[in-house]
Structure formats: structure tokens, C-alpha cells
Amino acid sequence: MDEQSDRTALLSALTTEHFVLQTANNSTYAEASARSTLYVMALSSILVAMGFVASSTDLLIPFAVISLPAVFLLGIFTVIRLVESALDSLQCLKGIARIRGYYRTLGPEAARYFSRQYGRWPEVEPPALRFGPALAFFGTTAAMIATINNVVAGVGIALLTRFLAPSAPYWVAAVAGITGALVLTWLFYAYQRWRFDDYDARTHQSADDAHA
């Protein structure tokens, strides 16, 4: 094929890939929404059930011991997958950005319409980073579910503390629960930052290997 035919074939392939990446990116949002909804619904059901048995300590304690750890584990699995879904979305957006970079080479009109300033992340800085990465990482869907899940863990810790030390003041159980929730929140934040940093490092390493 001549140069014009090669360019036309490449443009057609890139357009198809652009569509595939957009579809895959949309699927990450749908998955994140479905998993978050599933967790919240499970938690809501458990809380309603606990309300029915709250009048009886003999029923409440065994029910809480069984249900709260189960919900907490479900929350951990959900949060881990939500972080991975966010990374999948970033991968798709980076692929779209590379294709837009090629579109800019098609001519002066294309260079204007597909310029970086009219693009989205990673071509431009996302608005979420305006106040720094620390707040940005707490604005993810995974952070929202993790915070709720950590509160659940804090309640479980408070109940366990009260059960093991019934003679202790009520504030002891409250402090134990709040401390546990804060520690778990910090651990989640550290995990999320590690996953994103590891992703960036692997992406840069792959790019360096490709240019070598």
C-alpha cells in the first residue's frame, strides 16, 4: 500500500481503538457504581436487621459478631476492586490521550480542535488535583466506600471493647472505635497511594523500555 493508504488504515484503526477505550472506560464506571451499590445495600440490610434484634442483648451480640465482620470483609474486597477499576480507567484515558495526540498531526484544523488544552487528564491537570493529591485521593469512590467500611469496623471495635470490659466507662469503647476507624482510614489511604504510585512507576518503566 502507498503512504496515503497506510495513513487511512491507521486512522481507521485508531478510531476503532478510541471507541473501544471509551467503551472500556465507561464499563469501569458502571462496575464501580454497581459494586458500591451492592456494598451499601448489604450494609443497609444488616443495619435494619440489627435494629430488629437491638432490644435483646442475647440476640444482638451474636448477630453483630457474625454480621459486622462479614460486611467489613465485603467492604475490603469492594475497596480493593474499586482501586483497581480506577487504575483501569486511567489506563483507558492514557490510551485515548495518545490517540488524540495523533489526531493533532492530521493538519492545522486538527491541531486546533484536538489541542491539549481542550483535552482531559492526562493531557491537562484534573480539577481534583487543584487542592493537592491528598484531598484528591479522598475524593475517589474507593475512599467513600472505605470510609463507610472503616466506620463499620469502628463500631465493631467499640462493641467488642464494651463486651470485653463492661465495667469500663463508655468513653473507652468510643475512643477505641474512633481510633480503630482512623487507623484503618490511614491504612486505606496508604494502600491507595501505593497502588497509584506503583502504577505510575510501571507505566514509566514500560515507556522507557519502549524507547530503548
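Attention in this report is confined to the structure presented alongside it.

Analysis parameters
- Residues numbered from 1 in each chain as written.
- Predicted model: local features only at pLDDT ≥ 70, side-chain atom pairs only at ≥ 80, totals over all residues.
- Heavy atoms only, no water.
- Helix = DSSP H or I, 4+ residues; strand = E, 2+ residues; numbered from the N terminus.
- Rg over C-alpha atoms; globule rule 2.2 N^0.38 Å.
- Areas by Shrake-Rupley, 256 points an atom, 1.4 Å probe, with all protein chains shown as cover.
- Lys, Arg positive; Asp, Glu negative; His and termini not counted.
- Charge placed at Lys NZ, Arg CZ, Asp CG, Glu CD.
- Axes fitted to C-alpha atoms, helices over the stretch in contact; angles between N-to-C directions.
- Parallel < 35°, antiparallel > 145°, perpendicular 65-115°, else oblique.
- Left-handed = near helix turned anticlockwise from the far one by under 90°.
- Contact = heavy atoms within 4.5 Å.
- Patch = residues over 30% accessible without salt bridge, like charges linked within 9 Å, V, L, I, M, F, W, Y side chains within 5 Å.
- Salt bridge = Lys/Arg side-chain N within 4 Å of Asp/Glu carboxyl O.
- Buried < 20%, exposed > 50% of the residue type's maximum accessible area, 1.4 Å probe, protein only.
- Polar contact = N/O pair within 3.5 Å; in protein donor to acceptor, adjacent residues only side chain to side chain.
- Expected span 1.5 Å × (residues − 1).

### Some points on the overall build of the protein
Right, so step 1: When helices and strands are tallied, the protein shows 6 helices and 0 strands.
Right, so step 2: The secondary structure elements of the protein, listed N-terminal to C-terminal, are α-α-α-α-α-α.
Right, so step 3: Expected size for 212 residues packed as a compact globule is a radius of gyration near 17 Å; at 24 Å, the protein overshoots this value by more than 25%.
Right, so step 4: Overall size of the protein, expressed as C-alpha extent along the three principal axes, is 85 × 30 × 30 Å.
Right, so step 5: Approximately 13400 Å² of the protein is accessible, and the part contributed by carbon and sulfur atoms is 69%.
Right, so step 6: Averaging the locations of the 15 positively and 16 negatively charged side chains of the protein gives two centres separated by 6 Å.

### Points about the packing of helix α1 (residues 3-53) against helix α5 (residues 141-164)
Right, so step 1: Where α1 meets α5, the axes come as close as 11 Å, and the angle between the chain directions of the two elements is 20 degrees. Of the possible angle classes, the one that applies to α1 and α5 is roughly parallel. Classified by chirality, the crossing of α5 by α1 is left-handed. Between α1 and α5, the contacting residues are S36, Y39, V40 and L43 on the first element and T141, I145, I148, N149 and V152 on the second.

### Description of a nonpolar patch on the surface
Right, so step 1: A cluster of nonpolar side chains, V151, V155 and L159, forms an exposed patch at the surface whose accessible area comes to about 230 Å².
Right, so step 2: Here V151 is to be found in helix α5.
Right, so step 3: By relative accessible area, V151 is classed as partly exposed at 48%.

### Describing the side chain of S67
Right, so step 1: Among the secondary structure elements, S67 is positioned in helix α2 (residues 57-103).
Right, so step 2: S67 gets classed as buried once you look at its relative accessible area, which sits at 7%.
Right, so step 3: Here the side chain of S67 touches F63 through a polar contact of 2.7 Å, landing on its backbone oxygen.
Right, so step 4: Apart from residues no more than four positions distant in its own chain, S67 is found in contact with I46 and M50.

### Things to note about the environment of W171
Right, so step 1: As for its position among the elements, W171 is in helix α6 (residues 170-211).
Right, so step 2: Here W171 falls in the exposed class, since its relative accessible area comes to 57%.
Right, so step 3: Separated by 13 residues in the primary sequence, W171 and A158 place their C-alpha atoms 9.5 Å from one another.

### Some remarks on α1
Right, so step 1: Here α1 contains 51 residues, and its C-alpha end-to-end distance of 75 Å stays within 8% of the 75 Å for a straight helix at 1.5 Å per residue.
Right, so step 2: Turning to α1, its buried residues are L14, H18, L21, N25, T28, A32, S36, Y39, L43, I46, M50 and V53.
Right, so step 3: Contacts from the buried residues of α1 go to α2 and α5.

### Considerations on the environment of I96
Right, so step 1: Tracing the backbone shows I96 in helix α2.
Right, so step 2: Aside from chain neighbours lying at most four places away, what touches I96 is H18, L21 and Q22.

### Brief notes about the pattern of salt bridges
Right, so step 1: Going through the model one piece at a time under the given rule, you end up with 7 salt bridges.
Right, so step 2: Among the ionic pairs, E31 bridges to R35, the shortest N-O distance being 2.9 Å. A residue pair is termed a helical-turn pair when its members lie 3 or 4 positions apart in one helix, as E31 and R35 do in helix α1 at 4 residues.
Right, so step 3: The partly exposed category is assigned to E31, whose relative accessible area is 23%.
Right, so step 4: The class for R35 is partly exposed, based on a relative accessible area of 34%.
Right, so step 5: For D198, the salt bridge identified is with R202, shortest N-O distance 2.9 Å. One end of the pair is D198 and the other is R202, both in helix α6 and 4 residues apart, which spans about a single turn.
Right, so step 6: Exposure remark for D198: the relative accessible area of 21% places this residue in the partly exposed category.
Right, so step 7: Overlapping salt bridges, with partners in common, bring together E31, R35, R81 and D88 in one network.

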